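# Summary of structural features
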Amino acid sequence: MPIATLSALAHGAHGAHGAHGAHGAHGAHGAHGAHGAHGAHGAHGAHGAHGAGVAGGSTFDGMLTGGLMIARDGLIGAWTPPTTMTPFPAGEAANLGSWGRPIRAMVIAGELASRLGYHIVADKKAPGGNLIAVSHLTVGKAGKKGIPEVSYAPFLRYTRPTDADFLAQLDIIHNYADLRADRSAEILTQADQTLAYFATVAALDGDRTKHTIELLGAAHTLAATVSQQVKHVLACIRPDRLSAQIQPMIPTPRHGALPSGHATEAFIVARVLQHLLAPVAPGEAGQLGRLLMGQAHRIATNRTVAGVHYPVDSLCGASLGLALADYMVARATKGGSVDGVVFDGQGIGNSDFFVGDVIAGDARCSSPGGQVKIGGDHALKLAKADVSVPLAWLWEKATQEWTDVAGAGA
Amino acid sequence: MATLPGYAWCAREEDHLPGLDPVGAWLLGDGLDFEVAAIDRDRDGDRDFRTLAAIKDDADPIEAIRNGDFVRVVTGAPGASLQALKAKLASDEAYAGGEGLRFFALPLRERSFRDEAQLKAPLGEAEWSAPKGLKGKTLVVTGIIDHGINIAHARFRHAKRGSRVDFAWIQGASADRSDEAATVPFGREWTAPEIEDALEKAGGDEARALRLLDLVDFTRAGRDPLSNPVSHGTHVLDLAAGAAANDDEAVANRIIAVDLPERVIEDTSGGLIAFCFIQALDYILRRARTISVAHKKAVPVVLNFSLSRAGGPEGGLHIAARAMEALVRAHQAEIEALGLPVVAPDAEGKARVEIVLPSGNRRQARGHATAAAAAKGKTTLTVPWRVQPGDMTSSYLEFWLPADATGATLKVAGPGGAAEAVPLALDVPQVLEGDGQVIAQASLDKREGGAQRIFIALAPTDAGQSGRRPAPSGVWQVSVAATLPSGGRIDAHVLRDDTALGFAPRGRQSYFDDPAYARFGADGDGLDADPAGLASVVRRDGAFNGLAGGEGPVVVSGYRVREASFGAARVADWPAAYAGAPSPDSARKLTAAAPSDRSRVLSGILAAGTLSGTTVAMNGTSVSAPQLTRAIARALMAGATPHGEARWDELLEAHDETDEARLGRGLLPPLTPPDAPSIA
């Protein structure tokens, strides 16, 4: 049932797009989605939290509206206006419970995105001439008129691989094509949304764990938002443009190759779940985390099998997704230190991507080839003030969904 | 009258290397372009399949290959032709252009060996120390030669005593170039402690362990069968020797495995198998001696080889079949020289080696035709050989004649052509050429134990990106005539040309398209047996594993479990329709039948998938053989020492209506949990 439920949720998410038609960005995603290719569209799969058509009024039909008008006329009697009211307290996180899920998603997406800044850095040594820096916006005390003093702290720095690296990586894509028949069911069902593949590992359920799924939706949106900025700046050409023999088995998405959006999204989801569920995970220590990361790795690798991504795209996306997960969890809980990433794809050559390159057990790590370096001068120290109140509200709700299992709170 | 309009047969006297196996001669010679177009190469131009090993013409090839006793090893540049290799030899005065030498094509990638010296070096010494938990148990070695064996699989490992795979030779692996003292002449060897080490380093991530063991690596060209959910070798070895992790008895069942290179498997004709198989068999017996010496007893070996060859020759004359006999004898002599006490000796008191082979899967493939010796004058066998369109690999047809047949002639008519005599001279191939484009080759040789073979190689009917002209698809009428000794036969076999499990689909199988052949009976059901009084030369009987003709091996056919479990069911429904059986007048008989399918509709037998914890179905006599391998190993571990042809009858269920020709001496009961997943 979970898969069917989540599938329904995913479709529900598509329905929700209609309701947000006025929201330009969503409209654009909808157009993208029509191609069945992935992209930021995938982020909306995780918006499954928005609910399977319960959005209440996502559809209005004329007959019902007419009926409701006639029923009112027959029902209300003479107008007797109320004289008192109990208002919502302004600025209270608890109000989020009264808003619709798509609305909470926008609030939280805004909370997360508003603290990240993107800067194109000209660098003659960087392939393509530019790299991208992503910084955390540190917000000080409110000054006059409520406007705070702000400053940026370095968090992520991404440089693309060389042309020779991409050419060498192309061989690996060709070699992986052997697995296309074996992996086709996974590849096709993962093109749009991957949540079902984590739901089976972590026992997610569209009803019982709806806030957890909503939290993963927020993570997904964050991953898609940031990865598209990095993709746009680094502008890495897709494999099918380098060789007419690659012939991907699914349409190549219309954005840059590196980092892989699927890898970024899969690893942020795996990592957020690892953080959320570590205290209550049953069975062998570390098994749940290993399987979550293994699934993320498989989802990322399937994009290479399909012929739309280089392995280095996955390495890059995994490093980004894991860093963003730690960042999001810190901003959902109590701040603290978060290791950022300096990624420089140069010299990757014909190295393949393995999950152990970016995470060992529950600790993120720098990759053996040196392309991913974590921490150092890109480590953030997040303060209490960096905690997002709406995000913390959702985190708490999600946490409460897991208190019923054996070992909870132990 | 021409075989094909615009084409003529002419002798390839110049550009011919004497002694080369006909498949090798075609693949390295006129068929090379087609192959080169299809071979995946690494960016640095890894020279795949460009190496010939030469031995002296008068040397025993089995001994020479076994001992790495090569006069010369020649490796050509990428895409090098037979002509180029011959030129390279001719420039070397010591070898006089290859005169007096015989050649074997090495189906290896260049990365699999360091240099000529490594190929010629004898097998390195190995160490073995007994695991704990053997007290009071009889040790047995299960040997396996296969492709795609997950040597780190949980079914080959005891939870406390570790891996039971004491030695594994991955012949197609990259050679460890950092290691000057390679223990094998090519590829890579792993030992139980190394497998355990990899598993520990991988920390429970089996896919990572496979990478550490160099069994999966997508950064290099070539296939990694262990990246697929089903792998032939893993499934077969599970049936042969898989056990639960807490099975203390199984600790005494030690495993020595050889994984053959991908080219040997991908070329389903079996034409490239001899070199690697001989080395593999020798390796397993040598390492079994290593164990025997350390154990201070000659340990019995049960060896499973679940591969078959579609063609002949009969009577165990194929070099691989002869090697089985020769190497077992050599092993027994070495054991005797070591003076070790023999566990479960054979009838002559010598070390026991049981080789278990499948009977083949081509009974319904319409790939075998036969003609018995005519009462007087010449005997003629004419076959309508249908070659499919869209076949991207070469097709092969071979005729086998007795050694003392005389006056053999060959006539070939291509689609739209007329029957034309092709002149035959021993070891000088003829090629069918038009406008400088060769599309076929015909040859006569006696290299397999003296039996005469007329061999025809036909270019692919889809030449792909090779730039070469393809052969026309359709029916090729091929006719062989000779004066036969009384009781002799001419047998024609189409070699296998379809795609092996897990490989990209390129080959399309050719077959004999004889209108007189009956595929279906009057009730519309497929016929399992050749009807009496059949006018067709095409015969199901005799479509038999060409490697299994020797007297020594145990040969296993396949049966359907469900049909055989109901006494009332027709006996004709018991054997798997595809399971091969020898010709009725052949001296070789089947030993037994073991399950190959759960039922007529439920194909295959369940056993291990590639990764631990997975179960998959695979069918064919490939899965039948290892079940008997397992039963024999278990019997030896329990102290059995039977002799003679009937020695394994005790393991079999006899039945009232035995179709002995197709089921052998009896049926091996299906495995039950925990030896195998339930098939209920």
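Within any chain, residue numbers begin from 1 and follow the written order of that chain's sequence. As they are written, the chains are lettered A onward and the ligands numbered 1 onward, keeping that order. Under the rules for a predicted model, residues below a pLDDT of 70 receive no local features and side-chain atom pairs below 80 are neither given nor counted, while totals for whole chains, interfaces and linings still include all residues. Calculated side-chain values reflect all of the structure's heavy atoms, with hydrogen atoms and water omitted.

## Re the packing of aromatic side chains
Our working rule: Under the pairing criterion, centres of Phe, Tyr and Trp rings, with the six-membered ring standing for Trp, must be within 6.5 Å; the plane angle then separates stacked pairs below 30 degrees from edge-to-face pairs above 60, leaving the rest tilted. Each helix is a run of H or I in the DSSP string that is no shorter than four residues. Each strand is a run of E no shorter than two, and both are numbered from the N terminus. Buried means the residue's accessible area, taken with a 1.4 Å probe over protein chains only, is under 20% of the maximum for its type, while exposed means over 50%, and partly exposed covers the values in between.
In this structure the tally under the stated criterion is twelve aromatic pairs over all chains. A ring pair is formed by Tyr158(A) and Phe343(A), whose centres lie 5.4 Å apart and whose planes are at 15°; its orientation type is stacked. With a gap of 185 residues between them, Tyr158(A) in strand 3 (residues 148–159) and Phe343(A) in strand 4 (residues 336–344) connect regions that are remote in the sequence. The class for Tyr158(A) is buried, based on a relative accessible area of 0%. Through a chain of ring-to-ring contacts, three or more aromatic side chains come together here, namely Phe70(B), Trp169(B), Phe186(B), Phe275(B) and Tyr283(B).

## Quick notes on the sheet that holds strand 17 (residues 420–422) of chain B
Residue and element names in this part refer to chain B. So the rule is basically this: At least two bridges found by DSSP between two strands are what make those strands a pair.
Read across the open sheet, the five strands follow the order 17-16-21-14-23; overall the sheet is antiparallel. Either end of the sheet is taken by a strand with one partner, and the two such strands are strand 17 and strand 23 (511–512). The sheet contact formed by strand 16 (residues 406–413) and strand 21 (residues 474–483) spans six bridges and is antiparallel. The residue of strand 21 that forms the bridge with Lys411 is Ser479.

## Topic: the sheet that holds strand 4 of chain A
Residues and elements named next belong to chain A. Short version of the rule: Between the N-to-C directions of two axes lies an angle of 0 to 180 degrees, each axis being a line fitted to C-alpha atoms and, for a helix, fitted only over the stretch in contact. In what follows, a contact means two residues having at least one pair of non-hydrogen atoms within 4.5 Å.
Read from one edge to the other, the open sheet built from five strands follows the order 1-2-3-4-7, with strand pairing classed as mixed. Edge positions in the open sheet fall to strand 1 (116–122) and strand 7 (372–382), since each of these has one partner strand only. Averaged over all pairs of adjacent strands, the angle between their axes in this sheet comes to 35°, without regard to strand direction. Examined bridge by bridge, strand 3 and strand 4 share four bridges and lie parallel to one another. Paired with Arg157 across the two strands is Val342, which belongs to strand 4. Strands in contact with helix 9 (residues 210–234) are strand 1, strand 2 (130–142) and strand 3; relative to strand 2, the strand with the most contacts, it is inclined by about 135°.

## A closer look at a nonpolar patch on the surface
All names here are of chain A. Test applied: Patches draw on residues past 30% relative accessible area with no salt bridge. Two like charges within 9 Å are joined, as are two nonpolar side chains (Val, Leu, Ile, Met, Phe, Trp, Tyr) within 5 Å. Shrake-Rupley sampling with a 1.4 Å probe provides the accessible areas, and residues are treated as covered by the protein chains on show and by no other component. For this analysis, a salt bridge means a side-chain nitrogen from Lys or Arg found within 4 Å of a carboxyl oxygen belonging to Asp or Glu.
On the surface, Phe88, Trp99, Ile103 and Val107 cluster together into a nonpolar patch covering about 360 Å² of accessible area. Here Trp99 shows up in the loop between helix 4 (62–75) and helix 5 (101–113). Note on Trp99: relative accessible area 34%, which makes it partly exposed.

## A look at helix 9 of chain A
All names here are of chain A. We apply this condition: Helix span, expected: 1.5 Å multiplied by one less than the number of residues in the helix.
With 25 residues, helix 9 extends 36 Å from end C-alpha to end C-alpha; this agrees with the ideal 36 Å at 1.5 Å per step. Across the 25 residues that make up helix 9, a large majority, 20, are buried. Residue Ala235 follows helix 9 closely and has a positive phi angle near 45°.

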